[in-house]
Amino acid sequence: VGTPEIYFGYRFSRNQMGNTEGWQPGKTVAYTIPDKAQPNKFYLQGEWLNNRDNMELKSQGTIFLAYFAKNVNLVAGSKEPVEITVLLDGKEYRKLIVSDFDLYNIVSMNQSNAHVLEITASKHGLMAYTFTFG
């Protein structure tokens, strides 16, 4: 596995956010994804509330990540069900409903490779905690 665990909350930050807006504890920030992304850093699009242990989507939004692994899991949840669309290397890979606070398998492949992942949510409520890789 080439990509380490990634934490969304500012309490556990390991310099893994790529957005120039950075973490702003307790604030809702309008994030934009830059033209050039670094691998193993996550990028946000949309309005996200910076919580200690997660980022909470307050609008429509996207999580963007260039990674190297076979499997991608997202620890996430929502108070009301939120449908997410997963794009892998620019193509729709799957759709999932996030509701319970749980570990969601986002991508399962046969071998580790470099990929670009985009997770979009069409409404607010998604709370992203951690990416794990296998």
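Provided above is the structure to which this section pertains.
Basis of the calculations
Residues numbered from 1 in each chain as written. Predicted model: local features only at pLDDT ≥ 70, side-chain atom pairs only at ≥ 80, totals over all residues. Heavy atoms only, no water. Helix = DSSP H or I, 4+ residues; strand = E, 2+ residues; numbered from the N terminus. Rg over C-alpha atoms; globule rule 2.2 N^0.38 Å. Buried < 20%, exposed > 50% of the residue type's maximum accessible area, 1.4 Å probe, protein only. Areas by Shrake-Rupley, 256 points an atom, 1.4 Å probe, with all protein chains shown as cover. Contact = heavy atoms within 4.5 Å. Phe/Tyr/Trp six-rings, centres within 6.5 Å; stacked < 30°, edge-to-face > 60°. Pairing = 2+ DSSP bridges.

Q: So what about the overall build of the protein? Which residues, and what values?
A: Within the protein, the secondary structure is distributed over 0 helices and 9 strands. Element order for the protein, N to C, with α for helix and β for strand: β-β-β-β-β-β-β-β-β. For the protein, the C-alpha radius of gyration of 13 Å lies close to 14 Å, the compact-globule estimate for 134 residues. Over its C-alpha atoms, taken along the principal directions, the protein stretches across nearly 40 × 30 × 25 Å. The buried share among the 134 residues of the protein stands at 47%. Element-wise, carbon and sulfur atoms account for 46% of the exposed surface of the protein, whose accessible area totals about 6800 Å².

Q: Now, about the side chain of Gln16: what can you tell me, with residues and values included?
A: Considering the arrangement of structural elements, one finds Gln16 in the loop between strand S1 (6–7) and strand S2 (28–31). Accessibility expressed as a relative area gives 5% for Gln16, which makes it buried. With near-sequence residues (within four places) excluded, Gln16 lies in contact with Pro4, Glu5, Ile6, Tyr7, Trp23, Asn40, Lys41 and Phe42.

Q: Give a detailed account of the packing of aromatic side chains, specifying residues and quantitative values.
A: Two aromatic rings are characterised by how far apart their centres lie and by the angle between their planes. Following the criterion strictly, the structure yields 8 aromatic pairs and no others. Each ring, one from Trp23 and one from Phe42, has its centre 6.0 Å from the other, and the planes form 70 degrees; the classification is edge-to-face. Residue Trp23 is found in the loop between S1 and S2, and its partner Phe42 is found in strand S3 (residues 42–50); the two are separated by 19 residues along the sequence. When its relative accessible area of 0% is taken as the criterion, Phe42 is described as buried. Grouped by ring-pair contacts, the aromatic residues Phe8, Trp23, Phe42, Tyr67, Phe131 and Phe133 constitute a single cluster.

Q: Provide a residue-level description of the pairing of strand S8 (residues 102–121), including the pertinent values.
A: Relative to S8, strand S5 (residues 61–77) runs antiparallel, the two being bridged by 15 bridges. Counted as the bridge partner of Ala76 is Asp102 from S8.

Q: Quick one: what's the story with the environment of Ala76, residue by residue and with numbers?
A: Mapped onto the fold, Ala76 is located in strand S5. Given the relative accessible area of 1%, Ala76 is considered buried. Distance in space between the C-alpha atoms of Ala76 and Tyr104 is 7.2 Å, their sequence separation being 28 residues. Leave out the neighbours within four places in its chain, and Ala76 touches Val98, Asp100, Phe101, Asp102, Tyr104, Leu126, Met127, Ala128 and Tyr129.

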